[in-house]
Amino acid sequence: MRIVVTGGAGFIGSHFVRQAIKGHYPGFSDAELVVLDKLTYAGNRANLAAVADSPRLRFVEGDICDERLVGESLRGAELVVHFAAESHVDRSIAGAEDFIRTNVLGTHTLLNAATESGVGKFVHVSTDEVYGSLEGGEAPWAEEEALKPNSPYSASKASADLLALAVHRTHGLPVCVTRGSNTYGPHQYPEKIIPLFVTNLLDARKVPLYGDGENVRDWLHVDDHCRGIALVAEGGKPGEVYNVGGGTELTNREVTHRLLEFLGVDQSMVEYVPDRKAHDRRYAMDITKISGQLGYQPAVTWEKGLAETIGWYAAHREWWEPLKQ
Ligand code: NAD
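Now for a description of the structure that goes with this document. Every value quoted in this text rests on a predicted model; they were computed, and no experiment measured them.

1. Some remarks on the site of the ligand
No. 1: Taken together, 30 residues sit near the ligand, with Ile12, Asp37, Ser87, Tyr153 and Lys157 positioned nearest.
No. 2: Between a nitrogen atom of the ligand and a side-chain N or O atom of Thr102, the distance comes to 3.0 Å.
No. 3: Residue Val125 places a main-chain N or O atom 3.5 Å away from an oxygen atom belonging to the ligand.
No. 4: In the complex, the protein chains occlude 97% of the 840 Å² of accessible area that the ligand would expose alone.
No. 5: If you list the elements that add at least two residues to the shell around the ligand, you get helix 1 (11-21), strand 5 (121-127) and helix 5 (152-171).
No. 6: The biggest single contributor to the shell around the ligand is strand 5, with 3 residues.
No. 7: Of the residues in the shell around the ligand, the class split is 11 nonpolar, 15 polar and 4 charged.

2. Brief notes about the packing of helix 6 (residues 193-202) against helix 10 (residues 302-315)
No. 1: Between helix 6 and helix 10, whose axes approach to 10 Å, the crossing angle comes to 55 degrees. Taken as axis vectors, helix 6 and helix 10 run oblique relative to one another. As helix 6 runs across helix 10, the sense of the crossing is right-handed. Here Ile194, Pro195, Val198, Thr199 and Leu202 of helix 6 lie close against helix 10, whose contacting residues are Trp302, Leu306, Thr309, Ile310, Tyr313 and Ala314.
No. 2: When its residues are assigned to classes, the contact of helix 6 with helix 10 shows 9 nonpolar, 2 polar and no charged.

Here is what the cut-offs are and how they apply
- Residues numbered from 1 in each chain as written.
- Predicted model: local features only at pLDDT ≥ 70, side-chain atom pairs only at ≥ 80, totals over all residues.
- Heavy atoms only, no water.
- Near = heavy atom within 4 Å.
- Polar contact = N/O pair within 3.5 Å; in protein donor to acceptor, adjacent residues only side chain to side chain.
- Areas by Shrake-Rupley, 256 points an atom, 1.4 Å probe, with all protein chains shown as cover.
- Helix = DSSP H or I, 4+ residues; strand = E, 2+ residues; numbered from the N terminus.
- Nonpolar A, V, L, I, M, F, W, Y, C, P; charged D, E, K, R; others polar.
- Axes fitted to C-alpha atoms, helices over the stretch in contact; angles between N-to-C directions.
- Parallel < 35°, antiparallel > 145°, perpendicular 65-115°, else oblique.
- Left-handed = near helix turned anticlockwise from the far one by under 90°.
- Contact = heavy atoms within 4.5 Å.

Structure follows, in structure tokens:
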């Protein structure tokens, strides 16, 4: 079996590849994995160092918008797991062009090639951000919720979700969409809140907290996120969307205070900064569908996951210091 993993040198994609090569996903324990990644600022070959010697791994450097390369890479593949994206909301606010190009045109290019080469399953990895924003007290989102994205990032992801589902209905490509919640863990680029704050604090620098810090996110460990995606890749029904949540709802202020506690520093290290434009207030996911149909449950507790993540950044300065410079 051959699996093409786009964006497999990024944070979540590389975790999926490492776990698959190490045999953590029983359905894919013999599969050959082809990573297709452009190595943007967020892509890093070092993320695959632990499995680089595996004869089951092949790395192709290239752009998912490159029709010829995508066509060649997908020929003979049975499964595509599509992680590649521009993924940082703040960057999409500063300029959205790369987001539209990679997230929309790139997904379209992959869907076309997958349809032409008769791929057996296409898993499009998306995000809870496509649903928009909840207020406190509102019920978590289920998969039927209308899409109301607020940032250029989430709008580009929602566009790709709709395209992927339309290609399933129009051309019969067996597509599944996963919508994961805010993910954390090792190897995450130090621009997202947890790795940015941890690495700042390790360097005795202040952490910039947006607005009143009361924005709520549903935290999900990368190991749980990837296991959810693997379950959908194996058993998800074509044409269906699956939420993958972590079940730990916390405000950014709570996350920040836990990080300060872990690292033994006080509140004076927090600098409140003007809020992000159109900052979504709350995300929360209903995971009844993936739990009932595919047996998914988050397994990594917030306390254990966070402690290990902080430990990883503390032990891997050589990984993040060059990125922060
Ligand atoms: P990331 O930014 O760490 O990695 C993205 C990867 O895609 C990088 O390796 C990059 O080089 C590659 N890439 C970017 N543009 C490309 C292109 N044009 N062609 C080929 N490769 C390209 O992102 P991540 O946090 O690992 O997210 C992976 C996926 O999961 C994304 O689709 C994202 O929308 C989704 N997601 C992320 C989160 C989160 O909290 N990080 C939550 C839910 C869903």
